Structures are given as structure tokens and as C-alpha cells.
Amino acid sequence: MALQNWAGNLTYTGELVSPATREEAARVVRDADAVRALGTRHSFSAIADTPGILLSTAALPATVEIDPAARIARVSGGLRYGDVAERLQAEGWALANLASLPHISVAGAIATGTHGSGDRNRSLAGSVAGVELLMADGTIQWFRRGDPDFVGVVVSLGALGVVLDVELDIEPTYDIAQTVYERVPWDAALEDLSAVTSLGHSVSLFSTWADPDVADQLWLKARVDETPAPANMLGSLPASEPRHPLPGVSAENCTVQGGVAGPWLERLPHFRLGFTPSQGDELQSEYFVDRRDAPAAIRALRELSPRFAPLLLVNEVRTIAADDLWLSGAYGRESVGLHFTWRRDEEGVRAVLPHIENALAPYAARPHWGKVFTMASADIRARYPRFDDAVALRERLDPTGTFRNAFLAALGL
């Protein structure tokens, strides 16, 4: 049976290999002409594909080792974030943030700059203190925070090697309460967007654009040791019962709402680990803009929404703190992610994306590497000040091009 990605919109072309030991993984990489690391296959782009070897690290020994003094956890890159979170919670520790889905692999999420939400929260890659890479020649090398190459290695698009282990910053466990508000007026929200997004540890605004005047839902995730959720949000009240971000879909798969406090790992994601996340039968796109430009960018989407709304399941707006990782969507700027969950109509989505990308062009939008986009490579490269440095790093660390594929070649990486 053909190997597909999570959404089913992409069929991989290579041979899947799942080594059980590091030695076996090193032999596979050393003997191969072309290799790409394959995680939980949640990317909607062809970033992980290759006609060569698709190397999964899921069968390698699973590691979660906690150093309480250093506040660092060493974890296997092939583990899902949800599995790591459970191990940390059992020992009284936590991560600063999680993505909306806990089902994604640590290595894959980091390599693509995947993120959660929150004004003070960097992308998941921002919590990385060290990366252990299996290089093209079969050797293993650590890159740690402070090393000259570290800022180019973390969000690497898989271009430098296979991530074996990752060191993550951790902190003592904490509780979160999640409250969902309905029909938040966009005009009021955009008048001072920062005042809205700063109300909790994590804030997401969801809109179907069926009514362009309101965001259908606002999800506020507040730490219990911080300011509690307000009784109303710009005049909008909390939902009377649990909600799914997609209209008409049962909230059974979603994390607990209603302001009921619970452990961080059971509130920060939108979806529960034991259930199918989101809808499943979908496509996704996302673009990052400077937080200062976000109100104007959202207004541009609002104006364009009649053109893309028939294809849209839901649009999510989230903030991400700036970082210094060369190929991160939040490199060098406090950012807002404009996320689109689409109906699985790839032809239709690809036809409408150029209009969205043109509308966001004045704001130097950067596409999420693991999502569907049509932006010209030259435009993408121009929006990353250290892109040429990333190219030079790839040429130095993988001179034979073992980890290069068509996706990277099209970018000039």
C-alpha cells in the first residue's frame, strides 16, 4: 500500500526504512544517495519526500531523560510531543508551550518551525537547547545553544541530517484553564489586537468568515497563577458548552474548556492525544507576519474572504514570540500566524492561494514550511535575512547533498 501523509493529499515516493538501532540508522544513511527523515507525516507539503530512503526514527529506543538542575529534558526526536508531555508531567515538569496537535513528532515540528500560541511564547523550536544530528557520513554530532551553527541547525527543514535526540527547556508543571468565547467582533478586536492576545498564556481567534464582522470563536488559555479569564470578551460571552473550532463538529476530540483548570498538557493543545485531531480530511496553509502588521493583514483577509470562504473550514489567528533561528517563521520579529484549514480540494486551494499571498505580500508574509503554499522561491528567500547563511551551512554540513530533495532544491536550499 502506498505511503501517504496524514491528510492523504501526498503520496511519498521513497522506500520507508525504520531502523531499530542507531548503528543501523547510521549504516542506512552512510550507504544511501538520498535520505529524508520522516516523522508523523503531518506535513502537507512535500518537504519530507524523496525518491531515495524515507528514514523513520520511530522504532529507535525512546528516550526522555530529565536533568532537574539544568532544567533540560533529553528526548528522542521521533517521539510525539504528547508522549513527551506525559513523561514530563509524571515527573512534575512541563514545556512552555505545545502546538494545537500533540500528535506531531518533536523533530518534525522543530524542523518546520511549528508553533503554539502566546505573546511571550516562541515556536516549539525556541525551546530547543540542543540537537543531535546523524550526518550524511554516518557520524553523530551535537549542536547546542551558544554554538556558532546552532541557530542554523534547529529549524533546518531536514536539510542537514537526521535528528536523533533533542534537548528541550523545561519548567515545573503548571495548570491552565481554557475558556471559549463566541462571536467576538473583529472591529473591536483589531482596534487593539495586542490587548486581546495578551489576556492569557495562549489566545487563538477562529473565523469561518461566514460573517465577516465576527470571529466565530476566541480560545483563551490562562495559567491559573495569572490573570483569570474575563467574564466577557469585547462584549462576547463564554460558550454555553464545549466547542470544536470547526462548525458543526463534535467537541469530543477537543481539550477541556469551560474555565476548568487542568494540567498544561491537557489544555494547551486544542485536541486530545487519543483522538483524531482537527477534522483529518483537510489541507492546511499558514503565513507569518510581523505582529505590528497583523491588524492590516487580517483586514486584507477579511476583504478577500468571499473569494476563499467556500473552500475554508476555519481560519486561526495566533501570536508567536520572536526568535533568532534562521529559518523560523518568527525569525527576528514578534509574529502572528494566519492559519487556514481547508477542505481537501487541492486544485481549488492552490488556485486561491496566490490571491491570499498577494494580499499578504505588503506584510512580507512567510509561509509555514510544512503547509501548502504557492509563493515564489525568490520571494520566500528575500523574507529571511539569513537564508544565504542557511544555504552555506547546508553546503558545509551536507556537501554530498544526501538530505537534499526537490522541495529544498526549489527553494534554493
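Residues numbered from 1 in each chain as written. Predicted model: local features only at pLDDT ≥ 70, side-chain atom pairs only at ≥ 80, totals over all residues. Heavy atoms only, no water.

## Digging into the overall build of the protein
When helices and strands are tallied, the protein shows 11 helices and 18 strands. Taken over 413 residues, the protein has a buried fraction of 60%. Pairs at least 24 apart in sequence give 72% of the contacts found in the protein among residues at least 6 apart. In the protein, which carries 37 positive and 52 negative side-chain charges, the distance between the mean positions of the two groups comes to 1 Å. (Helix = DSSP H or I, 4+ residues; strand = E, 2+ residues; numbered from the N terminus. Buried < 20%, exposed > 50% of the residue type's maximum accessible area, 1.4 Å probe, protein only. Contact = heavy atoms within 4.5 Å. Lys, Arg positive; Asp, Glu negative; His and termini not counted. Charge placed at Lys NZ, Arg CZ, Asp CG, Glu CD.)

## What to know about helix α8 (residues 346-360)
The first and last C-alpha atoms of α8 sit 20 Å apart over 15 residues, in line with the 21 Å expected at 1.5 Å per residue. Contacts made by the buried residues of α8 are with β15 (282-290), α7 (294-308) and β17 (335-343). (Expected span 1.5 Å × (residues − 1).)

## Digging into the sheet that holds strand β11 (residues 175-185)
Strand order across the open sheet formed by eight strands is β14-β11-β13-β12-β16-β17-β15-β18, with antiparallel pairing between neighbours. The sheet is open, and its two edges are formed by β14 (261-263) and β18 (366-367), each paired on a single side. Two elements, β11 and β14, share three bridges in a ladder whose sense is antiparallel. Its bridge partner lying in β14, I176 is registered against G262. This element, α7, spans β15, β16 (312-320) and β17 of the sheet and lies at about 15° to β17. (Pairing = 2+ DSSP bridges. Axes fitted to C-alpha atoms, helices over the stretch in contact; angles between N-to-C directions.)

## Some thoughts on the sheet that holds strand β8 (residues 140-144)
If you walk across this open sheet you meet the five strands as β4-β5-β9-β7-β8, and the pairing is antiparallel. The open sheet is flanked by β4 (64-67) and β8, the only strands paired with a single partner. Going across the sheet, the axis of each strand differs from the next one's by a mean of 15°, ignoring polarity. Where β4 lies against strand β5 (residues 72-76), four bridges are found, and the strand directions are antiparallel.

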